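Fold and contact review
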Amino acid sequence: MLDKTQKDWWKRAVAYQVYPKSFQDTTGSGVGDLPGIVSRLDYLQTLGIDVIWLSPVFASPQIDNGYDISDYRAIDPLFGDLEDMRTLIREGKRRGIGIMLDLVLNHSSDRHPWFQRARASRDDPCHDYYVWRDGVPGQYPNDMLSVFGGPAWEWVEEVGQYYFHQFAPQQPDLNWENPALRRELYDMILWWMDQGVEGFRLDVIDQIAKEPDKKITNNGPRLHEFLRELSAETFQKGCLVTVGEAWGADIQRARLYSAPDGSELSMVFQFEQMVLDQKPGGAKWDLAPLPFVKMKQSFARWQQGLHGRGWNSLFLDNHDLPRIVSRWGDDGEYRVQSAKLLATMLHGMQGTPYIYQGEELGMTNIRLPIDQYKDVEILNYYNEAVAKGCPESRVMESIWAKGRDNARTPMQWDDGPNAGFTTGTPWLPLNPNHTAINAKAALADPDSVFYHYQALIRLRKTYPVFVDGDFTLLDAEHLTVFAYERKAADGRLLVVCHFGADACRWTCPADWKGARVLLSNYAEPADALRPWEAVIYYRPAGT
Ligand code: TEU
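Residues numbered from 1 in each chain as written. Predicted model: local features only at pLDDT ≥ 70, side-chain atom pairs only at ≥ 80, totals over all residues. Heavy atoms only, no water.

So, the overall build of the chain
Note the following rule: Numbered from the N terminus, helices here are DSSP runs of H or I no shorter than four residues, and strands are runs of E no shorter than two. A radius of gyration in this sense is built from C-alpha atoms; the matching globule rule multiplies 2.2 Å by the number of residues raised to 0.38. The cut-offs for exposure are 20% and 50% of the maximum accessible area for each residue type, with area from a 1.4 Å probe on protein chains only; residues under the lower value are buried, those over the upper are exposed, and the others partly exposed. The contact rule is simple, with two residues in contact once any of their heavy atoms fall within 4.5 Å. Areas reported here follow the Shrake-Rupley algorithm with a probe of radius 1.4 Å; residue values treat only the protein chains shown as occluding.
What the chain contains, in helices and strands, is 15 helices and 18 strands. In terms of C-alpha radius of gyration, the chain reaches 23 Å, essentially the compact-globule figure of 24 Å for 543 residues. Here the C-alpha coordinates of the chain stretch approximately 75 × 50 × 45 Å along the principal axes. The buried share of the chain, reckoned over its 543 residues, is 61%. Counting contacts in the chain only where the partners sit at least 6 residues apart, residues at least 24 apart contribute 69% of the total. In the form shown here, the chain has an accessible surface area of approximately 20400 Å², with 51% of it arising from carbon and sulfur atoms.

Spelled out as structure tokens, the structure:
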């Protein structure tokens, strides 16, 4: 177990994201719940993780699956109650697994009492907790659009004003310019810290310092000022792990966010690699092949840019992204090999790895007819694109490739009815491949993707070079091989990953001949790289 009283313990940690709706149902409601997570803690302990990032379980109308919070201090009855949360925290701690809550501080639900008061009267102190502009019905303050489509402004008759929303209209943006609002948020965070949570993930944190009159959404002028205040008033009073979601972060900014003095956060989720396979300047739905060489160079820049000057988070999957094995791997013939390769590529790097539920099983994307999707982003996109005359088949291709529900289908626990996820009707269909791809089968197979992740986690905890080592990209222009070296006081690593189904001649650097193999996705060594082969070599210092 990690000693979480040590400063920067999270640099040695591995995190696991639970999307509660889809993890484990214990009531037959078809929706996962907190007791369900408790019942699977032993599984997570076997995997070897140290913290769970729990997507929001707070009271919410669930317009955006809990990213629309109506009470930050209450658990949504869908998931259980506060007592269940306390049990989860306690039972997790017993197994060395901490809970990171997902704080949505950029916006609340329109059902939050603050907003209910804000929309009723301009004179209410809560009115200024949100972002309002005068106007007349039908004439928006400006032409800004929301991330989920449609205008970013919504008219409220009672006050004769528009409010600003970067996401759905039911997610009004909070006004961080208001000190009383900030204080309310800090008190709420301190309250959760008292409940024993070990960290927080901060939703779209780079969007809090918005200035709609200048059309500024992320990276607003006061962003880092707000973050430093937030951190000093809350996180720095404990020994927590914090990660901010920051689509707009470049390396320069990530150094501020994750400054080694701890003045802001532990680290950020940045998305530079995750947007490479969309058309330059295009929207997420405009598909393009992955530019492999650019992808390697991008990872290398981040590895080197934050080494000693900040801290990376490492992830390929989350609840907003399609399944990585379907996206950058091969979810057909080489599903197992390529899932292991992707894990190896990522877990060999410096940073804190995040595993998204089911990634450790090599879970894949799903193709549903449009009427079976639930995600507000998918449904809005479909309606808008079809109305604009985009052929439906093309719209569906985009949704099947990039839609967020790909990652949100229920966890595949076994080959029984509904994969052991629920005894009721699942809120989102299960992937039909659950009869073959499931946790029970993975645990019974020593060559499974699961055990590969377990091995990677063990290696990180055994060899300091995984945590501390620097990063050198090898053969930068190679079209299928991603190879890099890491070096620290204890020794060196060489990670070699061959992205492709063809055999490939790749010459190991001379000083690596005969080095020990720490982990590979093939049982025996060979002269050429085989389909989706991934190997980690190690040399102790001085050899
Ligand atoms: O995501 C932020 C965000 O910008 C995403 O909506 C992103 O643009 C989209 O998912 C790409 O497909 C966070 C949460 O992770 C997401 O689940 C929420 O819907 C969103 O914020 C609003 O809270």
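Let us keep going from here.
So, the pattern of salt bridges
It is possible for side chains of opposite charge to pair when their charged atoms get near one another. Definition in use: Salt bridges are identified by distance alone: a Lys or Arg side-chain nitrogen within 4 Å of an Asp or Glu carboxyl oxygen.
Scanning the model with the defined rule gives 37 salt bridges in all. Across the pair E83 and R86 runs a salt bridge whose closest N-O atoms are separated by 3.2 Å. Taken together, the residues span about one helical turn, with E83 and R86 both in helix α3 (residues 82–94) at a distance of three residues. For the salt bridge of E533 with R530, the shortest nitrogen-to-oxygen distance reads 2.9 Å. Through salt bridges that share partners, D64, K284, D320, D375, E377, R404 and R408 make up one connected network.

So, the sheet that holds strand β12 (residues 313–314)
Heads up, the condition is: One bridge is not enough; two strands pair if DSSP finds at least two bridges between them.
Strand order in the open sheet formed by eight strands is β11-β10-β9-β5-β2-β1-β13-β12, and the pairing between neighbours is parallel. The open sheet is flanked by β11 (267–269) and β12, the only strands paired with a single partner. Bridge count between strand β1 (residues 15–18) and strand β2 (residues 51–54): four bridges; the pairing is parallel. When the bridges of β2 are listed, Y16 appears paired with I52.

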